[in-house]
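# Structural description and commentary
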Amino acid sequence: MKKEMQAIAKTAAGPGNLALRTYKVPSIKSDEVLIRIHAAGICGTDLHIKHDTFPNVPPVILGHEFSGKLVELGPEVIGWSVGDRIVAQPHKGGCGSCRYCNTGQVEICRNKRAIGYKIDGAMAEYVALPFGSLHRIPDDLSFETAALAEPLAVCVKAVAERATVQAGDCVVVLGCGAIGLLAAAVAKAMGAGKVIVVGTDQDLGHRLPIAKAMGIDEAISVQGTDVVKFVMDLKEGGADLVVEASGAPAAINQAFSLLRRDGRICAIGLTADKTVSVPWSAAIHDQINIVSSYSSSWTSWEAAIDLLSSGKVDVEPMISGRYRLNEFEEAFASLERLEAVKNLFQP
């Protein structure tokens with residue numbers, strides 16, 4: 001076993017301050033496993049951490065989307081063996097005593113020990129996590145595909161569990177980053193009738209074509225199309241569900257005008273603004289149902305793995321590039337230039 005490893009770290013507060021550093025390979029506690037990382041994705045959150053617009057506690061190793069193989073087990077670990085192929089929920093548990101921990105919602109515990117921004121994460125050769133966070137991946141699922149289980153699980157929780165997409169629904173997804181594309185794919189897999197992804201003219205060259213490659217019905221630019229008319233022509237009265245995945249104030253406002261009365265908004269896009277003005281009175285008159293969703297649940301992970309393994313969600317078109325850890329600057333830069341959707345590190 002190696003004693004040292006390479007990892008991508010946020011080294012100090014402030015914009016930038018990313019570096020490839022040498023760390024000791026993590027030691028494991030009695031209920032933990034040591035995971036050899038085979039693929040780790042860059043999330044939009046990692047971009048926010050780079051620019052210091054998302055809370056982080058440097059110095060900290062980035063990364064919370066990954067797949068890998070077990071190489072060492074603590075003495076209290078049961079049900080797992082060295083060599084097992086896994087993905088894992090990106091935290092080391094919560095406080096253990098709050099309402100959310102006690103009801104199985106550890107992902108929204110305020111004291112959740114989240115990897116990648118509070119404690120060391122997975123943009124590294126190894127990571128140590130409790131065995132209770134693990135999910136097994138089938139042998140026919142590649143490490144690269146499995147690395148997208150985390151963002152897919154976020155979207156399963158939002159679209160299937162929280163917003164309860166229904167068969168035949170007309171669904172509009174605002175935003176065509178990784179979360180927007182995966183939210184659209186989940187809606188389609190769950191039986192939605194028509195799914196429309198909305199981006200901007202900047203997305204015409206890369207991201208919107210990927211939506212079509214993933215089997216999404218329509219992929220349009222807000223600048224090139226009258227989105228409200230487009231949706232109303234598809235579904236009289238408006239969409240049944242709008243998934244707001246961009247975090248852009250203009251898109252958040254537009255969500256309300258795209259819905260039928262008694263329609264549903266699912267908010268998952270993080271916004272840089274502390275507050276966003278919305279047409280509140282109109283929402284009340286139209287009896288709009290608004291739900292937000294954050295992180296992922298245990299059940300959404302199991303469903304995400306099934307969707308990937310069954311081929312009901314095809315993420316291969318989203319994987320834009322594969323990089324070594326020492327190529328992190330270009331891996332981040334291509335995402336910031338909107339030339340990529342999901343870049344993976346292969347440590």
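The following paragraphs examine the structure supplied in this document. Everything numeric in this text was worked out from a predicted model, so none of it was measured.

Criteria and cut-off values
- Residues numbered from 1 in each chain as written.
- Predicted model: local features only at pLDDT ≥ 70, side-chain atom pairs only at ≥ 80, totals over all residues.
- Heavy atoms only, no water.
- Helix = DSSP H or I, 4+ residues; strand = E, 2+ residues; numbered from the N terminus.
- Rg over C-alpha atoms; globule rule 2.2 N^0.38 Å.
- Buried < 20%, exposed > 50% of the residue type's maximum accessible area, 1.4 Å probe, protein only.
- Contact = heavy atoms within 4.5 Å.
- Areas by Shrake-Rupley, 256 points an atom, 1.4 Å probe, with all protein chains shown as cover.
- Lys, Arg positive; Asp, Glu negative; His and termini not counted.
- Charge placed at Lys NZ, Arg CZ, Asp CG, Glu CD.
- Core = buried A, V, L, I, M, F, W, Y, C linked by side-chain atoms within 4.5 Å.
- Phe/Tyr/Trp six-rings, centres within 6.5 Å; stacked < 30°, edge-to-face > 60°.
- Lys NZ or Arg CZ within 6 Å of the ring centre and 35° of its normal.
- Patch = residues over 30% accessible without salt bridge, like charges linked within 9 Å, V, L, I, M, F, W, Y side chains within 5 Å.
- Salt bridge = Lys/Arg side-chain N within 4 Å of Asp/Glu carboxyl O.
- Pairing = 2+ DSSP bridges.

Each helix and strand counted, the protein chain has 11 helices and 16 strands in total. Computed over C-alpha atoms, the radius of gyration of the protein chain comes to 20 Å, within 12% of the 20 Å expected from 2.2 N^0.38 for 347 residues, which places it in the range of a compact globule. Counting only residues that meet the buried cut, the protein chain has 53% of its 347 residues in that class. Of all intrachain contacts in the protein chain linking residues separated by at least 6 positions in sequence, the fraction that spans at least 24 positions is 69%. Accessible surface computed for the protein chain: about 14900 Å², of which carbon and sulfur atoms make up 51%. Charge separation in the protein chain, taken as the distance between the mean sites of 34 positive and 39 negative side-chain charges, equals 4 Å.

Looking now at the nonpolar core. Grouped together as the largest cluster of nonpolar side chains are 53 residues, with contacts concentrated most on Leu 152, Val 171, Val 243 and Met 318. When residues of this core are traced back to their parent elements, those giving at least two are α3 (143-146), α4 (149-162), β9 (170-174), α5 (178-189), β10 (194-199), α6 (207-213), β12 (239-244) and α10 (298-310).

How two aromatic rings sit relative to each other is given by the distance of their centres and the angle of their planes. Across all of its chains, the model carries 1 aromatic pair by this definition. For the pair Phe 54 and Tyr 117, a centre-to-centre distance of 5.1 Å together with 80 degrees between the ring planes defines the contact as edge-to-face. Highlighted residues: Phe 54 in the loop between α1 (44-50) and β4 (60-61) and Tyr 117 in the loop between α2 (99-102) and β7 (126-130), separated in sequence by 63 residues. Exposure remark for Phe 54: the relative accessible area of 13% places this residue in the buried category. The exposure class assigned to Tyr 117 is buried, which follows from its relative accessible area of 13%. The positively charged end of Arg 136 is found above the aromatic ring belonging to Trp 80, 4.1 Å away from the centroid.

Among the structural elements, Leu 73 can be located in strand β5 (residues 65-73). On the accessibility criterion, Leu 73 (27% relative accessible area) is partly exposed. In this structure the C-alpha to C-alpha distance between Leu 73 and Ile 319, which are 246 residues apart in sequence, comes to 31 Å. Residue contacts for Leu 73: discarding those within four places in its chain leaves Ile 28, Glu 32, Val 33, Trp 80, Ser 81 and Val 82.

Let us look at a nonpolar patch on the surface. Together, Tyr 100, Ile 108, Leu 270 and Tyr 294 make up a nonpolar patch on the protein surface, roughly 340 Å² of accessible area in all. With respect to the helices and strands, Tyr 100 occurs in helix α2. With relative accessibility at 33%, the residue Tyr 100 sits in the partly exposed group.

Reading across the sheet, the 3 strands line up as β2-β1-β4 and stay open at both edges, with antiparallel pairing between neighbours. Each edge of the open sheet is held by one strand with a lone partner, namely β2 (18-24) and β4. Here strand β1 (residues 4-10) runs beside β4; their pairing, made up of 2 bridges, is antiparallel. Pairing of Lys 10 across the sheet is with Val 60, part of β4.

This is a description of form; function is not addressed.
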